[in-house]
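# Commentary on secondary and tertiary structure
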Amino acid sequence: MTKPLIRASEAGGKSIDDPTYVEVHDLLADMNLSYPFVIVERTDREPVDQHFIQVHFNDDLSYQVEYREELHFQAHVPSQGPVIGPEPVAKIIDDWMRDGDTWRTALPWTPLFPVEKR
């Protein structure tokens, strides 16, 4: 059996190996204030557990999106209303899973832990 390249997990414990766009979209759509996060990680990159993109569903129905490669970055996605739902975030994660480039400029990423100037 081949080791998965990508694993998606949600706060309730469900995990999907090598998820499709639809499966990731469904995980994001199922987020709520009791189960507020989804993590999608690359299992084929070193160091292990350091290549991921994750989404937290906030109380105001917005999303906090973070990714980590060498450094940890974050972006905020305001609530888009129930009609649009997680679609914008799902597209970003899908592009990230396919090693695309558009996810890098789709949001205003800032370092999660800014480097202090001395």
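Refer to the structure above for everything that follows.
Residues numbered from 1 in each chain as written. Predicted model: local features only at pLDDT ≥ 70, side-chain atom pairs only at ≥ 80, totals over all residues. Heavy atoms only, no water.

A few words now on the nonpolar core. As a rule of thumb, nonpolar side chains are buried together in soluble globular proteins. Membership of the largest hydrophobic core comes to 27 residues, with the highest contact counts inside it found for Leu-28, Val-40, Val-65, Ile-93 and Trp-109. Within the residue set of this core, elements represented by two or more residues are strand S1 (6-10), helix H1 (21-29), strand S3 (37-42), strand S4 (52-57), strand S5 (63-68), strand S6 (72-77) and helix H2 (87-97). In this view, Val-40 contacts Ile-6, Arg-7, Ala-8, His-51, Phe-52, Ile-53, Ile-93, Trp-96 and Met-97; residues no more than four positions away in its chain are not counted. (Core = buried A, V, L, I, M, F, W, Y, C linked by side-chain atoms within 4.5 Å. Buried < 20%, exposed > 50% of the residue type's maximum accessible area, 1.4 Å probe, protein only. Helix = DSSP H or I, 4+ residues; strand = E, 2+ residues; numbered from the N terminus. Contact = heavy atoms within 4.5 Å.)

Moving on to H2. For H2, the buried fraction is high: eight of the eleven residues fall into the buried class. For H2, every residue scored as buried is listed here: Val-89, Ala-90, Ile-92, Ile-93, Asp-94, Asp-95, Trp-96 and Met-97. After H2 finishes, the residue Asp-99 shows a positive phi value of roughly 60°.

Attention now moves to the packing of aromatic side chains. As enumerated under the stated definition, the model contains five aromatic pairs in all. Each ring, one from Phe-57 and one from Tyr-63, has its centre 5.6 Å from the other, and the planes form 50°; the classification is tilted. Here the aromatic rings of Trp-103 and Trp-109 are separated by 6.1 Å at their centres, their planes lie at 80°, and the arrangement is edge-to-face. The class for Trp-103 is buried, based on a relative accessible area of 2%. The exposure class assigned to Trp-109 is buried, which follows from its relative accessible area of 15%. Taken together, the aromatic side chains of Tyr-67, Phe-73, Trp-103 and Trp-109 make up a single cluster linked through ring pairs. (Phe/Tyr/Trp six-rings, centres within 6.5 Å; stacked < 30°, edge-to-face > 60°.)

Restricting attention to buried positions, one finds in H1 the residues Val-24, His-25, Leu-27 and Leu-28. Projection of H1 onto a plane perpendicular to its axis shows the buried side chains occupying an angular sector of 160°, all on one side. Where H1 is buried, its residues touch S1, strand S2 (15-17), S3, S4 and H2. (Arc of directions from axis to C-beta.)

Let us now look at the environment of Glu-41. Here Glu-41 lies in strand S3. Along the sequence, Glu-41 and Asp-95 sit 54 residues apart, while their C-alpha atoms lie 13 Å from each other. If near-sequence neighbours (up to four positions away) are discounted, Glu-41 is found in contact with Leu-5, Ile-6, Arg-7, Asp-49, His-51, Phe-52 and Trp-96.

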